[in-house]
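These are the residues of each chain, in order.
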Amino acid sequence: MIEKTDQPLSKETTNRLNSVGIIKHFVYRYGLLAVLVGMIVYFSIAQPFFGTFINSMFILQAASVVAVVGLGCTVSMTVGGFDLSVGAAMSLSIMAAAGAMVIGNFGGFSAILIGMLAGVAVGLLNSFLIVYARIPDLVATLSSLFLINGLTLMGVGGQSVAKGMTFNGERTTGEFAPIFKWLGSGSVISIPASVVVAGSVFILVHVLLNYTRWGRAFYAVGGNPIAAAAAGIRVARYRIIAYLISGGLASVAGLMLAARSNRGDVNVGDPFLLQAVSAALVGYAVLGANKPNAFGTLVGAIFVAVLINGLTMFNFPYYAQSFVQGCLLVVALLMSYTLAQSRG
Amino acid sequence: MRSTDNEENLGVQAAPSVLGVSSLVSFDRITKNFGATEALRGVSFSVAAGETVGLLGANGAGKSTLIKILAGIHQPTSGRIVVTGKERVFFHPDDARNAGIATVHQNIDDGVVFGMTVAENLMLDEIAKPGGTVFLGNRAIMRRAHVVQQRLELDLPLTAVVEDLPPSRRQEVAIARELAKNPKLLILDEPTSTLSEREAEKLFDAIADFKRRGIAILYISHRLSEIERLCDRAVVLRDGKIVSEHTAPMDTKAIASSILGELVLATENKTRKGYETVATFSGLTALPESSPISFNVRRGEVLGLTGLIGAGKTELLEQICGHRTATVGDMQLAGADYAPKDIAAAMAAGVVLVPEQRALQSIFPDENLWKHCSISLLSQFSNNGFMRRRREIAFAADVIQNFRVVCSGPDDRIGELSGGNQQKLLVGRWLSRDWKLLVLDEPFRGIDIGARSLISRSLREYSEKVPVLLCSSDPEEVIEVADRIIIMLEGEIVHEDISSNLNAEKLAAIMGRSSSLAKPQKGELLGYD
Ligand SMILES: Nc1ncnc2c1ncn2[C@@H]1O[C@H](COP(=O)(O)OP(=O)(O)OP(=O)(O)O)[C@@H](O)[C@H]1O
Ligand SMILES: [Mg+2]
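Residues numbered from 1 in each chain as written. Chains lettered and ligands numbered in written order. Predicted model: local features only at pLDDT ≥ 70, side-chain atom pairs only at ≥ 80, totals over all residues. Heavy atoms only, no water.

Peer 1: Any details on the pattern of salt bridges? Residues and values, ideally.
Peer 2: For the structure shown, the criterion picks out 35 salt bridges over all chains. Notably, a salt bridge pairs Lys-163 of chain A with Glu-175 of chain A, separated by 3.4 Å at the nearest N-O pair. One end of the pair, Lys-163 of chain A, is in the loop between helix H5 (137-155) and strand S1 (166-167); the other, Glu-175 of chain A, is in the loop between strand S2 (170-171) and helix H6 (178-185), with twelve residues separating them in the sequence. Since its relative accessible area comes to 59%, Lys-163 of chain A is described here as exposed. Glu-175 of chain A sits in the partly exposed class, given a relative accessible area of 41%. In this structure, the salt-bridge partner of Glu-367 of chain B is Lys-291 of chain A, at a minimum N-O distance of 3.6 Å. Here Glu-367 of chain B is found in the loop between helix H13 (358-361) and helix H14 (369-374), whereas its partner Lys-291 of chain A is found in the loop between helix H11 (270-284) and helix H12 (294-313) on a different chain. Via salt bridges that share partners, Asp-28, Arg-29, Arg-80 and Glu-87 of chain B belong to a single interconnected network. (Salt bridge = Lys/Arg side-chain N within 4 Å of Asp/Glu carboxyl O. Helix = DSSP H or I, 4+ residues; strand = E, 2+ residues; numbered from the N terminus. Buried < 20%, exposed > 50% of the residue type's maximum accessible area, 1.4 Å probe, protein only.)

Listed below in C-alpha cells is the structure:
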C-alpha cells in the first residue's frame, strides 16, 4: 500500500490555514450574493418604498428580459461558444411577431409561434456557420448579427410596426393580440406575467444544465471538445442544440419586450446583447461557479436591476448607469478569475 | 517499510552535503502545501556541477512539485534553495532561468506555444525579453533559429507549426529552447513518457552529450532501467520526503522497494491461450501506402500491439474505435458486421478506446474527479435524462479506491492530481462495465511501477470477460501485460508470437528492424526462436 499521510498536521498550521482559507473561500463563493443582500438591506432602510412588494416586482420585471436572453447566452457559453446575435434575434422575432399580427392579421398564438421560429432560425444559421462551415463562434455570430439586423430592417422597410401603420402604401388593420396584453401587463396571483415567464425559463435552463445528462454533455463539450468526442459525446449535435436554445430564448425575450410596448421598433433588441452577456459573466462569480451557470446569470440580471432601481431612487443620474454596471462587471470578474487563481 | 527513524537519519545525513560549497543546487528543508495537501515535507538534497541525478518516486510523491519550485513556478511554503553557495528565491520562471536552471516539464505542451512555428518557438525568449529587439521580422527569426539549430546540432523543421509535429519533436523543441540558454542544470521531468524506444535512444545520446559539456542533469522517470543507465546518483521521494539515496551501480530492486515503501515481488504472468474469437479485423490499412493487415482478438487474452512511433498503431486503433473511418477492409465484432461511423457509434457497439494523449483527449481541466468518471457513461448514470449524482460520486470513490488514486476525494479537481494519478483514474473508470472490446493506447505513460502492475493485473482480470487490445511502444510493458504480441513496422505486421516466447531485447530488435531489410517470410512470422 502507498501510505497517504503518516503525520497529522500540527494544530497550529491547521488553524492558520483554515482562517485565511475560510475567508477567501467565503468571499469567493458568497461575496457577490452578500453584496446583493447588503445592497437590498441598505436601500430598503434608506428608502422605505424600495422594499415594498410593488417595487420588488418592478425590479424583477426589469430583470426578466435580460435574464431570459442571458440564460440563452449561458447555454451557448457552456459549449464554449459565444452568441453575439441574440440582440438581432430578439429584434427579428419582435418584428416577425408584430408584423404577423399587425400586417398579417394573425392571432396571438400564431404570432408567438412565428416569433419563436424566427429566433430558432437565427440559431440554425449560427450552427450552420459554426458547426458545418467551421467559422469561429465570435465571427460567425457577429456576421449573423449584421445579416439578421439588415434582414429585419429590409423586411419592414425600416419602419416600426404598430397598430395603424401603413405598409406598402396601405393602412394596416391588425393589432396586438390579447395574449400579448397579458404578457405585457397581466399577472398571475399578482406576480407580473413576464416575471412568471422568466422564472419558468430559469427553472428549465437550470435543471437542464445541472441535473440532466444533456447539461453534463454541454459542459463537457465546452471544457474540452476533443475529450468530449473521445468520451462518445456527439459534439456537433450539442453545439447545434446550444445555439438553437440561445436563439429560441432570445425570441422569447423579444416577445416579452414587444408585449411591454405593444409595438415593434427596429433594433430594440440591440442593447440587450451586452446586458445579457454581462449578466452571464457576473454569474461566473456567483457561488464560486467560475463557469457559465443559470443561477449566476439570474443573479447577474437581478443585481443590475436592483442597482439601477435603487440608484434611481436616490436620483442618481441615468447617464452614470453604464459606469456603475461596468464597476459591477469588473468586481465580478475579479472574483471569478483573479481570486480563483490565488486560492489554495 | 514503515520505519520513520530510518528516514529521519537520512535527513540528518543529507544536511551537511546540502551546505557543501561544491554543490551546484541544493534544496534545504523545502516544504510545500497546496491547501491542506502537504506535497513536500522537508526535502533536502543537492546536485553537484556536472552530475546526473535521478529523482524517483511513486505518483504523487512530489517530484514535479519539487522541480516546479526549482523552476520558479511554485514558491515553497518554507525552506531555502541555494544555488552555487547563494540563497536564491525564484518568484518567476525567468528568475530560475537566469540562475542557469532550465526545465523541461512533464506536460511537454507547456514548453511550446501552439500556433507558432518551430523557429518562433526557439526564439520565444528573445521575443518575450523585456527591452529586446523591437523589430524582429520573420527573416531575422529564421536566421537566428538556424544559428541555434546549428549550435545544438539539431535538424528541426523550422517552418512547421508546432502542433503539426508529433509529441517527440515537440519535446525536442522544448529541450532545444532550454539548451539555447546555456544552462548549468537541466531538469527533465519524465522526458521519455511520450517517446518511443528509438526516440528515447536519441534523447539518451543527447543527454550523454550534455554530460560531456558539463551540464548537470536532474532526471525524473518511472523507468528504473533509464535511471540505472543514465544517473550517477538517485534519490527517492515518498510522500513528500526523501527516503533513500542510491549511487551507481544502482540496485534497482532496492530502489523499487524504496519507491513503493513495500517489498516488490516480481510478477510472472502466465501466458493464456484465450477463449473464443470476439473481434476479427481483415484487410485494414494502417498507413496510406502500406499493404492490408489482418488479425483477431480473443476473449481471455490481452493482445499487445507494439512497434515504434510511426509504425501505424494509433492509426489502426483509431479505425477500430470509430475515431476515423476505415476506408478499406472488414471488421467483425461478436459475429456481426462492425463499421462504426463515429466514436459514439463504436461505443454503442461496445468498443472503447482509452486514448494516448491524456491532456488533450481525456481531460476536462476545470472539472472534478467524479465528473470525469461518469462522463463517458452518461446514459448509465442517468434516469430519463436526469443524472444520478449520488451514484456518480460513489462510482468515482470506487475507482479511486480500486486504483489507489492519491487524492483527497471525488470532489478534487483533476488538475490537482499528479500526472500518474490522473492516468490511473482515467484508465480505471472504463473497467466498470462489460464492453465488447477494450482498446488502450499507451496506457502506462507516466505511471509508477506500483500502479503499472496494479493496472496490468486489473486488465488481465478484466480480459477474462472482455478482450483487451493494448498498444504500447515500450517492450517491457507489453511483455508484462500481454499474452500475445503483434509487432508492427511501417504499417505492416512483421511478427506475431505469444509473450512467453519473447523478451524485451528480442522485441526491441524486431521493432527496430529497418525497412531496407527483406520482408519476413511466412515461416519467420510464426516461428521466431
Ligand atoms: N496545483 C495543485 N493543487 C493542489 N494539489 C496539488 C497541485 N499540484 C500537485 N498537487 C498535489 O501534490 C502532490 C504531489 O504532486 P506531484 O505532481 O509533485 O507528483 P509527482 O511525484 O510528480 O507524480 P507523477 O509521477 O504522477 O507525475 C499530489 O498529491 C498532488 O495531488
Ligand atoms: Mg510529475
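Here the narrative resumes, following the displayed structure.
Peer 1: Run through the sheet that holds strand S21 (residues 484-489) of chain B, naming residues and quoting values.
Peer 2: Note on sheets: strands pair through backbone hydrogen bonds, and any given pair is parallel or antiparallel. All names here are of chain B. With mixed pairing, six strands are arranged side by side in an open sheet as S16-S19-S20-S13-S21-S22. Among the strands making up the open sheet, the edge pair consists of strand S16 (351-354) and strand S22 (492-498). On average, adjacent strands in this sheet sit at an angle of 20 degrees to one another, irrespective of strand direction. The pairing of strand S13 (residues 302-306) with strand S20 (residues 468-471) spans four bridges and is parallel. (Pairing = 2+ DSSP bridges. Axes fitted to C-alpha atoms, helices over the stretch in contact; angles between N-to-C directions.)

Peer 1: Got a sec to walk through the packing of aromatic side chains? Specific residues and values, please.
Peer 2: Scanning all chains against the criterion turns up 14 aromatic pairs over all chains. Ring centres of Phe-26 of chain A and Tyr-30 of chain A lie 5.4 Å apart, and the angle between their planes is 45 degrees; this geometry places the pair in the tilted category. Of this pair, Phe-26 of chain A and Tyr-30 of chain A both sit in helix H1 (residues 11-46), four residues apart, which is roughly one turn of that helix. In this structure Tyr-30 of chain A comes out as partly exposed when scored by relative accessible area, which is 33%. Judged by centre distance (5.0 Å) and plane angle (40 degrees), the rings of Phe-27 of chain B and Phe-45 of chain B are tilted. Of this pair, Phe-27 of chain B sits in strand S1 (residues 23-34) while Phe-45 of chain B sits in strand S2 (residues 37-48), placing them 18 residues apart in sequence. Of the two residues examined, Phe-27 of chain B and Phe-45 of chain B, each falls in the buried class. (Phe/Tyr/Trp six-rings, centres within 6.5 Å; stacked < 30°, edge-to-face > 60°.)

Peer 1: Describe the site of ligand 1, with residues and values.
Peer 2: Residues and elements named next belong to chain B. In the neighbourhood of ligand 1, 18 residues make up the surrounding shell, with Lys-63, Ser-64, Thr-65, Glu-416 and Gly-420 lying closest. Interatomic distance of 2.9 Å between a side-chain N/O atom of His-222 and an oxygen atom of ligand 1. Take Gly-420: an N or O atom from its main chain is 2.7 Å from an oxygen atom of ligand 1. If ligand 1 stood free it would expose 640 Å²; the protein chains cover 87% of that surface. At the level of elements, helix H2 (63-70) and helix H16 (419-428) are the ones that each hand at least two residues to the shell around ligand 1. The greatest single-element share of the shell around ligand 1, amounting to three residues, is contributed by H2. Of the residues that constitute the shell around ligand 1, the class distribution is five nonpolar, ten polar and three charged. When residues of the shell around ligand 1 are assigned to domains, at least three map to each of domain 1 (1-9 + 18-100 + 183-264) and domain 4 (358-434). (Near = heavy atom within 4 Å. Polar contact = N/O pair within 3.5 Å; in protein donor to acceptor, adjacent residues only side chain to side chain. Areas by Shrake-Rupley, 256 points an atom, 1.4 Å probe, with all protein chains shown as cover. Nonpolar A, V, L, I, M, F, W, Y, C, P; charged D, E, K, R; others polar. Domains from an automatic or database assignment.)

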